[in-house]
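# Per-entry structural report
Single-letter residue listing:
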Amino acid sequence: MNQPASQQLYWSLLQYDDMDIHLAATSKGLCFVGSPGQSLAELEKAMHKRFPIGEWVHNDDMLEPYKKELIAYWQGTRISFTIPLDYAGTAFQLAIWDTLCHIPYGQTLSYSDIAQAIARPTASRAVGAAIGANPLLIAIPCHRVIGKRGALTGYRGGIPMKMRLLDLEGRAD
């Protein structure tokens, strides 16, 4: 029985301001943005299902372009990303993540807004689960999704980080 070939996965620690965030990329693009203050184990656990026999390589140089764009975002000099992304999910997750990428900088939508946008108006809970599985915090802007009444709900990076990102963007809604 043939086993799939091992894929190299590159990782690095982005340190900015008071945040330490693990990043990972494949040769195709950024595949993971971690939560602030979490260990490398968060990255390994999140990526294990997609890359069960991946070989982890610490490579700061490989991740430098991704770090630069994320830092520029936090510095307020970048509102969108040009870095390549490499992510996979179910068709439903991909539809949700694509919808998130179309929420303009500085604006928010509710979970039910996202459900409406993908023509699944009763799927708000499933939308929340798909958003929670987003491997690319910030790059796929799930922080721009809030509760129907404006509450800052669930965010893998933590509510303080979500609030910080929305404040940075000066949300207009």
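Shown above is the structure to which this text applies.
Residues numbered from 1 in each chain as written. Predicted model: local features only at pLDDT ≥ 70, side-chain atom pairs only at ≥ 80, totals over all residues. Heavy atoms only, no water.

As a further point, take the environment of L9. Tracing the sequence through the fold places L9 in strand β1 (residues 8-16). A residue is classified by how much of its surface remains accessible, and L9, at 0% relative accessible area, is buried. Along the chain, L9 and R125 lie 116 residues apart, while their C-alpha atoms are 32 Å from each other. (Helix = DSSP H or I, 4+ residues; strand = E, 2+ residues; numbered from the N terminus. Buried < 20%, exposed > 50% of the residue type's maximum accessible area, 1.4 Å probe, protein only.)

With that settled, consider the sheet that holds strand β2 (residues 19-25). Read across the open sheet, the 4 strands follow the order β3-β2-β1-β4; overall the sheet is mixed. Among the strands making up the open sheet, the edge pair consists of β3 (30-33) and β4 (55-58). Strand-to-strand twist in this sheet, taken as the mean axis angle between neighbours without regard to direction, amounts to 30°. The pairing of β1 with β2 spans 7 bridges and is antiparallel. Residue pairing for β2: Y10 is matched across the bridge by A25. Of the strands in this sheet, β1, β2, β3 and β4 are in contact with helix α1 (residues 40-48), which crosses β3 at around 130°. (Pairing = 2+ DSSP bridges. Axes fitted to C-alpha atoms, helices over the stretch in contact; angles between N-to-C directions. Contact = heavy atoms within 4.5 Å.)

Bringing the pairing of β2 into the picture now. For β2, a buried count of 6 out of 7 residues is recorded, marking the element as mostly surrounded by other parts of the structure. In sequence, β1 turns back onto β2 through a hairpin of 2 residues, with D17 there showing a positive phi of about 55°. Pairing analysis gives 3 bridges linking β2 to β3, with the strands arranged antiparallel. When the bridges of β3 are listed, L23 appears paired with V33.

The quantities given are spatial measurements derived from coordinates; they are silent on function.
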